[in-house]
Amino acid sequence: VPPRKRYLLITFANASTELTPQARANARVFAQALATPQLRNARFAIDGHTNAIGGAEFNKRLSLARAQAVARFLTIQGVDATRLEINGFGFEQLSNPRDPRSASNRRVEARRLD
């Protein structure tokens, strides 16, 4: 199975939902790309993830809150909210399974749905 193409990757500080200046810059570029003719009608999943520090339920809520924060930022940039599907996976889909506590696992990714 080929790896999923990531259209957006935003990382977070531990236990945080706050977008850093770099995250906002990345999300702004993504919002601009969504306005192009090639992506104007595309739908995207905004998937929140965490590392494996803390309990499963806490991390599930945190990952969803991260995805919501990114989606909220994108809608402020003019992206129609109906084009976004928001998901929180907690630590179910680690990007670095060899190090479940790694900061690289704390992220939001966007993937195309259609």
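It should be noted that the structure appears before, not after, this text.
All values derive from a computational prediction rather than experimental measurement.

Engineer: Hey, could you run me through the sheet that holds strand 3 (residues 84–88) in this one?
Structural biologist: Reading across the sheet, the four strands line up as 1-4-2-3 and stay open at both edges, with mixed pairing between neighbours. Looking at which strands have only one partner, the edges of the open sheet turn out to be strand 1 (8–11) and strand 3. Recorded for the sheet is a direction-independent mean angle of 15 degrees between the axes of neighbouring strands.

Engineer: What am I meant to see in the nonpolar core here?
Structural biologist: It is characteristic of soluble globular proteins that their nonpolar side chains tend to be buried jointly. Grouped together as the largest cluster of nonpolar side chains are 23 residues, with contacts concentrated most on Phe30, Phe44, Ile46, Val70 and Leu74. Elements with a contribution of two residues or more to this core: strand 1, helix 1 (21–34), strand 2 (44–49), helix 2 (56–76) and strand 4 (107–112). Residue contributions to this core peak at six residues, all from helix 2. Leaving out residues up to four positions away in the same chain, phenylalanine 44 has contacts with Tyr7, Phe30, Leu34, Leu39, Arg83, Leu84, Glu85, Ala110, Arg111, Arg112 and Leu113.

What counts, and where the lines are drawn
- Residues numbered from 1 in each chain as written.
- Predicted model: local features only at pLDDT ≥ 70, side-chain atom pairs only at ≥ 80, totals over all residues.
- Heavy atoms only, no water.
- Pairing = 2+ DSSP bridges.
- Helix = DSSP H or I, 4+ residues; strand = E, 2+ residues; numbered from the N terminus.
- Axes fitted to C-alpha atoms, helices over the stretch in contact; angles between N-to-C directions.
- Core = buried A, V, L, I, M, F, W, Y, C linked by side-chain atoms within 4.5 Å.
- Buried < 20%, exposed > 50% of the residue type's maximum accessible area, 1.4 Å probe, protein only.
- Contact = heavy atoms within 4.5 Å.

By themselves, these figures tell us nothing about what the structure is for.
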